[in-house]
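If you want the building blocks of each chain, they are given just below.
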Amino acid sequence: MVLKEFGNMAFDKKTMKENVPYPVYLKWKQAARNNATLDRESADAIAHAMKVWAISKGATSYTHWFQPLNGKTATKKTAFLNRDGKHNPINRFSGKELIKGEPDASSFPSGGMRSTFEARGYTYWDLTANSFILDKVLYIPSVFVSFYGEKLDKKLPLIESMNMVSKEASRVCNLFLKEEKTYRVKAKLGLEQEFYLIDKKYFDKRIDLEYSGMTLVGSDPMVEKELISHYLGDIPKRVDEFFEDVNSELYKLGIYMEAEHNEVGPNQFEIAIMYENVNISVDNNQLLMHILEKTALDHDLVCLLKEKPFKNMAGSGKHNNYSLATNYGRNLFTPGKTPKNNPVFLLFLASMIEVCNKYQKLIRIASSSVTNDYRLGGDEAPPAIISLFIGRDLEEVLESVANDDFEEKVIENMVKIPHLGEIKTDSSDRNRTSPIAYTGNKFEFRMLGSSKSAADLNTVINIGFAESVKKIADRLEKVDEDRLKEEAYSIVKEIYQENKNILFQGDGYSEEWEKEAEKRGLENFPTFLEAVIAAKATKAYDIFEKSGIFTKKEIESIIKVEYEDVTKFFSSQLEILNNMIHQEILPSAMREIASIKDYLSFVENERLRQRARKINEKVGKLLDYCDVISDILEKSENMNLLEDKAKYLQKETRKVSGEIRQISDALEKLISRENYSMPNYVDMLKTL
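Because the structure is a prediction, the values reported are computed rather than measured.

### Brief notes about the domain arrangement of the chain
A common way to express how large an interface is: the accessible area buried when the components associate.
Here comes step 1: Annotation of the chain at the domain level lists domain 1 (13-152), domain 2 (160-550) and domain 3 (565-685).
Here comes step 2: The C-alpha centroid of domain 3 is placed 38 Å from the C-alpha centroid of domain 2.
Here comes step 3: For the pair domain 2 and domain 3, the summed buried area comes to about 3,000 Å², and 69% of that belongs to carbon and sulfur atoms.
Here comes step 4: Sorting the residues of domain 2 by area buried against domain 3 places L216, V217 and S219 first, and these three jointly supply 21% of that buried surface.
Here comes step 5: Summed over the shared surface of domain 2 and domain 3, the result is 1 salt bridge.
Here comes step 6: Between E643 and K536 there is a salt bridge, with the nearest N and O atoms lying 3.7 Å from each other.
Here comes step 7: At the boundary of domain 2 with domain 3, the tally comes to 9 residue pairs in polar contact (both at pLDDT 80 or more).
Here comes step 8: Counting residues per element, the ones that place at least two in the side of domain 2 that touches domain 3 are β10 (185-199), α7 (207-212) and α17 (528-537).
Here comes step 9: With 5 residues, the single largest contributor to the side of domain 2 that touches domain 3 is α7.
Here comes step 10: Residues of the side of domain 2 that touches domain 3, tallied by class, amount to 19 nonpolar, 7 polar and 6 charged.

Written out as structure tokens, the structure reads:
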């Protein structure tokens, strides 16, 4: 790939500068950097430049690209081609059309804010993000609001929360970094995307994968060999070719691929893209997921983005690497050579500790979903209990700040490498079981599910961080300059002592940690729904209203959407299981019994007769469960309160689906490959 072709399908800052009058470019830059208003004349000039550029690249239409409350993306394409006053063909795209679009707001999740007769909704251009061309369409990154201005998307709250962090963090920086006038602090994000690949021919025969993203039945595979050899091994040739095409698409869109490799599970892979401003990184990740799914189909593969497609296999996450940088490029989470003498770092470190402790429920909810619950707590995924790992060295720094008589344990680990001599290693090992870990100059949030938008989690982090840093700035600004450092240490000491219960370095999977976490007062919500109910009951969502990000009505709607997600998932799971029993498992069992009957017509074999009876007995139990499924669905339909419905469906479906799976998996082992109609785990998880 030629470097000059990098980003040739993205209308980025460089392309903007080359295609619009310089005064217009400066106005756009001012609006993007300082949240200023862009005038209509400048918007018209940018729209014209975009249109000419897009058509020159083969685009025939444009669309406002937005992210509704379901966490996916949506578009409404409009052709450039129009008619002028004399009915002659003309390509048209104005500043008004660039800035604003009007999709149907009643058809997207709104938690009751929009009804069918209240269909108006508006998309507005996010001028801080790059527009781009995909499949001959100019995509314009946008936010989405209702007729009355209610937020109906993931992106607008995220952008507003970024502005809050920038404002409050800049105040603290300007108290200490006098030589660097800080006028903007950017929340930065790097996302690592995990996923599975399987042959399309197998996917097409698994309705559970097609409709729920996970296998609802399937006996454990014998894949120990693959598990041992797959992680960070040679990327299979077929997958390597897939990655080449993915990278080619990313390259054209100006998205930097940073790393890609085999993951722990067989047929599981990871791709990471480079750091960007949070809203742009979220956009890029949505694009990446689209490209992964689309490119997989081109290779007769299917990309599985759900968190736990295979039982007892490693689940897929989306590691969320968060940092803060000033307009001078200073990373505020970099400790420097002597972190104890770096008050700015210590203050921001303390703030993150406070955010993680204070907003455990919201972090749990924003990181997860009903499907992510199946992943948490094992196979490389963090547990549901929120804890923060910062390493032994930083904990000792904070202890020394909090306690004057504390003696630091100076530990220097050295390894001897041939031809390189002794090399110093980190003072602490990495903790793969920690939901949140400080990793040098950033915080890695590892709970985030692979299929989920990263917008929610980063909105929560930003809001909590802005609140914490605002309190710090308010306090420091009242102190004389010669006492600033002393007051900073006092603040760090107080925050550390009040929130050190969240810090943990041990095994997050152990039963001992679960007991210890309870003693520390840490919250443990095994399911997404339990966390939502607890957050509602304890008014944890109030921070959104207090910060001005959401109104009370919008918060109520978000909670309702979360309940709806749970009810839809579990009711759908029951219907899928019912279908699989009747359409797949029962016919397979009947074929197996018929084969045994044919065999027994020639040879008597009591063991085979017992096997047929065993199959028949299990089929009967599955048919009984089909009646149970009908009863559960019928009862849930008569429930008026959405919370009660969600709780009932989750409880009953988890119980019933577990029992159905146990019977189905036992049946699978009794039925020959010839008679079993669905691909099994061995088929699907063969090395590609």
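### Some words on the pattern of salt bridges
Here comes step 1: By the definition in use, this model includes 40 salt bridges.
Here comes step 2: For R475, the salt bridge identified is with E487, shortest N-O distance 2.6 Å. Residue R475 is found in helix α14 (residues 455-476), and its partner E487 is found in helix α15 (residues 484-499); the two are separated by 12 residues along the sequence.
Here comes step 3: Judged by relative accessible area, which is 29%, R475 ranks as partly exposed.
Here comes step 4: With a relative accessible area of 11%, E487 lands in the buried category.

### Some details on the pairing of strand β9 (residues 137-146)
Here comes step 1: In terms of burial, β9 is largely enclosed, as 10 of its 10 residues are buried.
Here comes step 2: Going residue by residue along β9, you find V137, Y139, P141, V143 and V145 tucked away on one face and L138, I140, S142, F144 and S146 tucked away on the opposite face as well.
Here comes step 3: Pairing analysis gives 5 bridges linking strand β2 (residues 61-65) to β9, with the strands arranged parallel. Residue pairing for β9: T63 is matched across the bridge by Y139.
Here comes step 4: The sheet contact formed by strand β7 (residues 121-125) and β9 spans 5 bridges and is antiparallel. When the bridges of β9 are listed, G121 appears paired with S146.
Here comes step 5: Pairing of strand β8 (residues 131-134) with β9 involves 3 bridges; the strand directions are antiparallel. Bridge pairing in β9 places F132 opposite Y139.
Here comes step 6: Connecting β8 to the antiparallel partner β9 that follows it, the hairpin turn spans 2 residues, and D135 within it adopts a positive phi of roughly 55°.

### Describing the nonpolar core
Here comes step 1: In terms of nonpolar packing, the biggest core is built from 132 residues, with L324 and F348 touching the most fellow members.
Here comes step 2: For this core, the element with the highest residue contribution is helix α19 (residues 552-600), accounting for 17 residues.
Here comes step 3: Counting residues domain by domain, this core receives three or more from each of domain 2 (160-550) and domain 3 (565-685).
Here comes step 4: Apart from residues no more than four positions distant in its own chain, L324 is found in contact with V165, V185, K186, A187, R330, N331, L332, F333, F348 and F465.
Here comes step 5: Core analysis: the next-biggest nonpolar cluster, separate from the first, contains 27 residues, V246, L253, A296 and L301 among them.

What counts, and where the lines are drawn
- Residues numbered from 1 in each chain as written.
- Predicted model: local features only at pLDDT ≥ 70, side-chain atom pairs only at ≥ 80, totals over all residues.
- Heavy atoms only, no water.
- Domains from an automatic or database assignment.
- Buried area = accessible area lost by both parts, 1.4 Å probe.
- Salt bridge = Lys/Arg side-chain N within 4 Å of Asp/Glu carboxyl O.
- Polar contact = N/O pair within 3.5 Å; in protein donor to acceptor, adjacent residues only side chain to side chain.
- Helix = DSSP H or I, 4+ residues; strand = E, 2+ residues; numbered from the N terminus.
- Nonpolar A, V, L, I, M, F, W, Y, C, P; charged D, E, K, R; others polar.
- Buried < 20%, exposed > 50% of the residue type's maximum accessible area, 1.4 Å probe, protein only.
- Pairing = 2+ DSSP bridges.
- Core = buried A, V, L, I, M, F, W, Y, C linked by side-chain atoms within 4.5 Å.
- Contact = heavy atoms within 4.5 Å.

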